[in-house]
Amino acid sequence: MIEKTTPVVIAGNWKMNHGVKETADYLDKLNHLLSAREDLGRALSEGFVRLILFPPAVHLYIAYIKTEGTPIAIGAQNVHWESKGPFTGEISVSMVTETGGGYALVGHSERRLLFGETVEMTSQKFVACLKGGVTPVLCIGETDEQRSEGQTEAVLSRQFDGAFREIEVDEKTTLHIAYEPVWAIGTGNTATPEDAESACRFIRERLSGRFGSRISRTARILYGGSVKPDNARELLSQKNIDGVLVGGASLDPESFLRIADAALS
Ligand code: PEP
């Protein structure tokens, strides 16, 4: 068994799902289920496992109210890099912190592919988060076509280098990166543990080259793409996979907790 560095991060991206009542009910149920789980509760309070949920931005505040004082952290699915101004439909980093959010996804492939988010934008968002006290979770990953052309590492390098272009971080910063191959997201076509591990190892090596070995060791590298309760354990047992970013299977609190259970072994 591989000795894992901790915390193991179990993150749920709800995307555009759940209304306000469903959010409240979900979190009541998750808190209730967690209260009966001594082992997981201890792992959370001792910092071995971390749970993060990314609800739609309009539900951040109710999510904060429902999770205050619990080990569940919340975050935004997207942020703008400016602090305020004429950016219809956008939210700033300070709006996230004010509503209790501690994390933000940056560069999710749905933002990149459906909403035109560029590598430069991910860099600006990443910097704004770090400056504003929100932990950014940078999402990178290749499309099916890029993988079949043997471009996986080139794409990861481009997205990685672009995002970290202007960033200097001190040794205390814990960087979060999610390897999310586009072909695995929402398709049921989960990467094999070996392929996921190989990409996550590549990202760790890249981190080491860019920021040094300490930052690369403490960084949290997550795998995302059709993670389910029945495949999470094997993915999490890989040396360079420090957590998972879960879409569809995070929408139900029982399924999300079953994935968190996989972090205990
Ligand atoms: C995601 O959207 O980040 C994701 C990993 O989705 P899914 O788990 O549904 O593939």
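One can find the structure itself at the top, above this paragraph.
Novice: Sorry if this is basic, but what is going on with the overall build of the protein chain here?
Specialist: Along the protein chain, the regular secondary structure elements total twelve helices and eight strands. Taking the principal axes of its C-alpha atoms as reference, the protein chain extends roughly 50 × 45 × 35 Å. Every one of the 265 residues in the protein chain was classed for burial, and the buried ones make up 49%. Of all intrachain contacts in the protein chain linking residues separated by at least 6 positions in sequence, the fraction that spans at least 24 positions is 72%. Approximately 12,100 Å² of the protein chain is accessible, and the part contributed by carbon and sulfur atoms is 51%. Counting 28 positive and 35 negative side-chain charges, the protein chain places the averaged centre of each group 3 Å from the other.

Novice: Just checking my understanding: could you explain the site of the ligand for this structure?
Specialist: In the region of the ligand, 14 residues are neighbours, and K15, E180, G186, S226 and G247 sit closest. A distance of 3.5 Å separates an oxygen atom of the ligand from a polar side-chain atom of N13. A distance of 2.8 Å separates an oxygen atom of the ligand from a polar side-chain atom of E180. Protein coverage of the free-state accessible area of the ligand, which is 290 Å², stands at 97%.

Novice: What is the right way to read the sheet that holds strand β8 (residues 243-246) from this model?
Specialist: In a beta sheet, neighbouring strands are held together by backbone hydrogen bonds and run either parallel or antiparallel to one another. Here eight strands make up a closed barrel; going around it, the order is β1-β2-β3-β4-β5-β6-β7-β8 and the pairing parallel. In this sheet, adjacent strand axes meet at a mean angle of 25° when their direction is disregarded. In this sheet, strand β7 (residues 220-224) lies alongside strand β6 (residues 176-179) in parallel orientation, the contact comprising four bridges. Within β7, the position partnered with H176 by the bridge is R220.

Novice: Can you walk me through the packing of helix α8 (residues 152-163) against helix α9 (residues 193-211) in this structure?
Specialist: The description of two helices packed together rests on the angle between their axes and the distance between the axes. The geometry of α8 relative to α9 is characterised by a closest axis approach of 11 Å and an angle of 40° between their N-to-C directions. By the angle between their axes, α8 is oblique relative to α9. The two elements α8 and α9 meet at a crossing, and its hand is right-handed. Contact residues: α8 offers E153, L156, S157, F160 and D161, while α9 offers A199, F202, I203, R206, L207 and R210. For the contact of α8 with α9, the per-class residue count stands at six nonpolar, one polar and four charged.

Novice: Would you explain the packing of aromatic side chains in this entry?
Specialist: The geometry of an aromatic ring pair is captured by two quantities: the separation of the ring centres and the angle between the planes. In total, this model carries six aromatic pairs according to the counting rule given. For the ring pair Y61 and Y64, a centre distance of 6.0 Å and an interplane angle of 35° mean the geometry is tilted. Linking Y61 with Y64, this pair stays in helix α3 (residues 60-67), spanning three residues, or about one helical turn. Taken together, a centroid distance of 5.0 Å and an interplanar angle of 85° make the contact between F126 and F164 edge-to-face. Linking F126 in helix α6 (residues 119-132) with F164 in the loop between α8 and β6, this pair joins segments that are 38 residues apart in sequence.

Novice: For this particular structure, what's the right way to read unusual backbone geometry?
Specialist: With the exception of glycine, the majority of residues adopt a negative phi angle, and the majority of peptide bonds are in the trans configuration. Residue P7 is bonded to the preceding T6 through a cis peptide linkage, with omega at 5°. By secondary structure assignment, the location of P7 is in the segment before β1 (8-13). Positive phi, close to 55°, is recorded for K15, a residue that is not glycine. As for its placement among the helices and strands, K15 is situated in the loop between β1 and α1 (20-35).

Novice: Please explain a nonpolar patch on the surface as it appears in this structure.
Specialist: A contiguous nonpolar patch, built from L113, L114 and F115 and spanning about 370 Å² of accessible area, is present on the exposed surface. For L113, the location among the structural elements is in helix α5 (residues 109-115).

Novice: Explanation requested: the pattern of salt bridges in the structure shown.
Specialist: Pairing of side chains with opposite charge becomes possible as their charged atoms draw close. With the rule as written, the count across this model stands at 18 salt bridges. A salt bridge links D25 to K21, with the shortest nitrogen-to-oxygen separation between them at 2.7 Å. Of this pair, D25 and K21 both sit in helix α1, four residues apart, which is roughly one turn of that helix. Given the relative accessible area of 38%, D25 is considered partly exposed. Across the pair K125 and E117 runs a salt bridge whose closest N-O atoms are separated by 2.7 Å. A relative accessible area of 8% means that E117 is categorised as buried. A network of salt bridges, in which partner residues are shared, links R37, D39 and D261.

What counts as what
- Throughout this document, residue positions are counted from 1 along each chain, in the order its sequence is written.
- Residues qualify for local features only when their pLDDT is at least 70, as the model is predicted, and side-chain atom pairs are given and counted only at 80 or more; totals for whole chains, interfaces and linings, by contrast, use all residues.
- Hydrogens and waters are ignored; side-chain quantities use all the structure's heavy atoms.
- Strands here are runs of E lasting at least two residues and helices are runs of H or I lasting at least four, both read from the DSSP assignment and numbered beginning at the N terminus.
- Using a 1.4 Å probe on the protein chains alone, a residue whose accessible area is under 20% of its type maximum counts as buried, one over 50% counts as exposed, and one in between counts as partly exposed.
- Any pair of residues with heavy atoms lying within 4.5 Å of one another is described as a contacting pair.
- The method behind every accessible area is Shrake-Rupley, applied with a 1.4 Å probe, and residues are considered shielded solely by the protein chains displayed.
- Two residue types count as positive, namely Lys and Arg, and two as negative, namely Asp and Glu; His and chain ends fall outside the count.
- Just so you know, the charge point we use is NZ for Lys, CZ for Arg, CG for Asp and CD for Glu.
- Note on terminology: near, applied to a residue and a molecule or strand, indicates that one of the residue's heavy atoms is within 4 Å of it.
- In the analysis that follows, any N or O atom pair within 3.5 Å is treated as a polar contact, provided that within protein one partner can donate a hydrogen and the other can accept it, and provided that, for residues neighboring in sequence, both atoms belong to side chains.
- At least two bridges found by DSSP between two strands are what make those strands a pair.
- Here an angle of 0 to 180 degrees is reported between the N-to-C directions of two axes, which are lines fitted to C-alpha atoms, with helices fitted over the stretch in contact.
- To sort the angles, those under 35 degrees are grouped as roughly parallel, those over 145 as roughly antiparallel, those from 65 to 115 as roughly perpendicular, and the leftovers as oblique.
- Each crossing gets its handedness from the near helix: less than a right angle anticlockwise from the far helix is left-handed, clockwise is right-handed.
- When residues are sorted by character, Ala, Val, Leu, Ile, Met, Phe, Trp, Tyr, Cys and Pro go into the nonpolar class, Asp, Glu, Lys and Arg into the charged class, and all the rest, Gly among them, into the polar class.
- For Phe, Tyr and Trp, rings pair up if their centres lie within 6.5 Å, where Trp contributes its six-membered ring, and each pair is then called stacked (planes under 30 degrees apart), edge-to-face (over 60) or tilted (otherwise).
- The patches described consist of residues with a relative accessible area above 30% and no salt bridge, like charges being joined within 9 Å and nonpolar side chains (Val, Leu, Ile, Met, Phe, Trp, Tyr) within 5 Å.
- The salt bridge criterion pairs a side-chain nitrogen of Lys or Arg with a carboxyl oxygen of Asp or Glu, the two atoms within 4 Å.

Geometric values such as these leave the question of function open.
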